[in-house]
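# Close look at the chain arrangement
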Amino acid sequence: MEKLDNPSELNLIFKYALKDLSRNFKKLFSIILTLFISLFILSAIFTTEDSLKKELNDNARALLGGDLEIDYNRNEGNIELVNKVKEFATISQMIEFSTMVSTVNREKNKSLFTRIKTVDTKYPLYGEIDYEPAGAFNRMHNESNTLLINESLSKNLNLKINDKIKVQNKFFTVIGIVKSVPDVSGFVAFGDWALAGEQTLEILKLNGIGSFLNYEYKVKFKQNDDVNKLEKKIEKIFENDQKVKLRYPENSASGLKRIINNFSQFLSLVSISAMLIAGIGIANTLLSFINQNNMSIAVRKALGFHSKNIKTLFYLQLLILLFVITIFAYGSSFLIIPVVDQYLSDGLGLNISPVFSIINFIKIFLVGLLVLIIFSIPTLNSINQVKASNLFRNVFQNLEFYYSKKSTALSLMLLSILVLIFSLGSERPIYSLGYFVAFFICLIVFFLLSKIIIYFLKKFKSTINISLKVSIKNITQTKSITPITIMSLGLGVTLLLTLALVGTNFQREIAKSIPDIAPDYFFVGIQKGEKKLFEENLLNMDSKAKIEIVPMVSSGIIKINGVNPNTYIKPDNDSYWVIGSDRRSSWVDEVPEDNPLTDGKWWDLTKPDQLQISLDAKVAKDLNINLGDVFTLNIYGREIDGKIVNFRFVDYRDLSINFAMLFNPQFANNIPHEYLATAKFKSLDKFDESSMLEILPSLSMIKIADYLNKVTEVLNKVFIAVTLISAVTIIIGLIVISSAIIVQGKIKEFQNLVFKILGFSKKDIIFSSIIEFLIIFKSVILIAIFFAVIASKFIMENIFELVWQFDFKVLIYLGFSIGLVTLMLILITNLRYLNPKIYPLIRNQ
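An account of the accompanying structure is given in this report.

Definitions and cut-offs
Residues numbered from 1 in each chain as written. Predicted model: local features only at pLDDT ≥ 70, side-chain atom pairs only at ≥ 80, totals over all residues. Heavy atoms only, no water. Phe/Tyr/Trp six-rings, centres within 6.5 Å; stacked < 30°, edge-to-face > 60°. Helix = DSSP H or I, 4+ residues; strand = E, 2+ residues; numbered from the N terminus. Buried < 20%, exposed > 50% of the residue type's maximum accessible area, 1.4 Å probe, protein only. Pairing = 2+ DSSP bridges. Axes fitted to C-alpha atoms, helices over the stretch in contact; angles between N-to-C directions. Parallel < 35°, antiparallel > 145°, perpendicular 65-115°, else oblique. Left-handed = near helix turned anticlockwise from the far one by under 90°. Contact = heavy atoms within 4.5 Å. Nonpolar A, V, L, I, M, F, W, Y, C, P; charged D, E, K, R; others polar.

### Things to note about the packing of aromatic side chains
Scanning all chains against the criterion turns up 25 aromatic pairs. Consider the rings of phenylalanine 523 and phenylalanine 687, whose centres lie 5.8 Å apart with planes at 75°: the pair is edge-to-face. With phenylalanine 523 in strand S11 (residues 521-526) and phenylalanine 687 in the loop between strand S19 (674-680) and helix H24 (689-695), this pair connects stretches of sequence that are 164 residues apart. Given a relative accessible area of 9%, phenylalanine 687 falls into the buried group.

### A short note on the pairing of strand S9 (residues 214-220)
Within S9, six of the seven residues are buried, leaving the element largely enclosed by the surrounding structure. Looking at chain direction, strand S2 (residues 90-103) and S9 are connected through seven bridges and run antiparallel. Paired with methionine 94 across the bridge in S9 is glutamate 216.

### Quick notes on the packing of helix H2 (residues 29-58) against helix H14 (residues 358-380)
Relative orientation of the contacting elements H2 and H14 amounts to 150°, with a least axis distance of 10 Å. Viewed along their axes, H2 and H14 adopt a mutual orientation that is roughly antiparallel. Relative to H14, the crossing made by H2 is right-handed. Residue-level contacts link Leu35, Leu39, Leu42, Ser43, Phe46 and Asp50 of H2 to Asn360, Lys363, Ile364, Val367, Gly368 and Leu372 of H14. Of the residues belonging to the contact of H2 with H14, the class tally is seven nonpolar, three polar and two charged.

### Focus: the environment of isoleucine 557
Among the secondary structure elements, isoleucine 557 is positioned in strand S12 (residues 546-560). For isoleucine 557, a relative accessible area of 8% corresponds to the buried category. Not counting residues within four places of it along the chain, the set of residues in contact with isoleucine 557 comprises Pro565, Val578, Ile579, Phe631, Thr632, Leu633 and Met661.

### What about unusual backbone geometry?
In this model, tyrosine 123 is joined to proline 124 through a cis peptide bond whose omega is -5°. By the element assignment, proline 124 lies in the loop between strand S3 (111-119) and strand S4 (130-132). The linkage connecting glutamate 132 with the following residue, proline 133, adopts the cis geometry, with an omega of -5°. Mapped onto the fold, proline 133 is located in the loop between S4 and helix H5 (136-142). The phi angle at asparagine 158 is positive, at roughly 55°, despite the residue not being glycine.

Here it is as structure tokens:
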């Protein structure tokens, strides 16, 4: 940008800029529209993210369920230590478990694997439960065999208040429907769940592994207590208890926060892509605007204005425009919040409201300013080409972008700042940088593609078709919009096709491929004496069923080579889940066919008294584990050291039985255990859940299809939202193309005038535009498909670790739709130049 000589000159130019901007408002409409759309998307992302985070932070205690959580996982907990905390704080005990809930007295009873949370009368310590009818929560505590179920369970089993249901082999009454609870933990975030009173545990006989028991104690301090002091006191009380994990309000809803951060990062990258594409349109619209004011600039120069003053005038107009647009875009983003609030209040009980952030406003304004400056520098530098003598010669001078070494270096520096703003402030900076690298590689490739097309068409001479000759001439002329069209359209199409391929592959994997190879059911909680009975009854229902039964024990990693892994392994590690809580483990005699060894040797049979561990190779890599390292495991309260003897390649995608850790059978067979089973039925209709539960009441059955349907439903909503947002990139690209055509307005008018004099009809001119578009779009779509295939394959196989397949149908539908819309826009934009006024053009007016 240019410097001014003195403050009075600045004041004069500022006043003139406002007046000039008011006169030229309509001519700058394309800049206003593209900037508003881009900044609105960015504002909506920032505002939604801030509003969600504020809601989570403001309600951190309610979301956690207390000022602190004492989590014993599957262990009942050290009551003596818990009682010490009760001396100075209020404690609410809750126990979660999973079991089968079944309908009764129906023609065909239905069952669902359900998470039940037993709570005491102190629950909730913070927040409120939203349920109906009034008084149901008190009834749950005062009356035995009663439940409050969530809306999802009510819908899936078609249950109403006062209906009877069966939990294991006991009958319960549904006395209320829960809409939301304040503590958004894993059990309410997804699936079917219910609340029950403390007496439920005495009614049901539960086991630790099959029921996935989880013991939690929520702590609430007195109003005027020193929170930090009490937290340290509690840490001191439990410092020698290896089974416990203390969680604080800032750790509440950590999974939800991680999803918000990742989704926000992705959408921010999409929005900056839209802004960069919009920048191309801004540059072209601005050049068109300057060309239209060519004579006005010449007049100002004749009156003694320097180029730097005129450029400053335009920069000020853009700055004023940007400031106003940013205010409207940021203000409009608040309208998105009620929509998000409606969705979240129905699902999670969160109530968010718009949050004004001056930091976000400045950040949005700064991003817009950087994009404006980067793309306006070569445009406004073209003002140097206008001479005052043009005024006296009555010559129209069509200006071009002007690049100097200094302006190019400045643009690159500002572009680097823009990239760093988005990368360093994101959840995963490396991913953001990788995205920008891919974006600019695509941009360069599409630019080179435009040059290659122009080069070869210039060599193409052998045609007698006039319309084709005109089309080739339009594409190859010096001031053609071919590079702009190819770059803006190519980037938008690539992004949309990539997301479409990822989305369809995801849906195919979940809806078809995974169910084809996955078992129909998982069976959990098969006790040692029930294994034979379970297998016999399953085969009686379907003699051709494929059954896999393996032993299972719960184990938690306390130490790795004598060190607590939580002290150096961070939650953002891909394999943190292995040490985050107790894991289920198993044992086998031989190497599993679908778990081939990658390193090490199988069990050493000469050491039956020593625990040997086979570990998932990816987990070993993520946690930096080597062969010979020692895990200290907590198994039923005992600390047992086990040596890592081999690594396996574990593929979890087929949903078959897989474990991160396997033990040597000689040692593990002596550990108390139960069994986990899967079944793939020849005919699923032959399997009767109710009959199986009559025989084995404590059995838990997880129907894979039910969960895949829920995941598919969520993913469909996510990809529809993402695709719609990404489609904005295409819209901006189309506006860019339209603005590029407008830049050529004067040239088009002269060209069509010549065609008119030579006898060309409107039909011939339109036909040449269609040929021109088809030549360009054919090349664009081929390159876009190439990039989309590579990008979607990388995302599916490396990030989601799922199978990728080429979907020709999606590419055809999307490509044809985008092409048709683009062609219509080009034709509509060109219509204004089909009837040029002859005499004004001849007189050069």
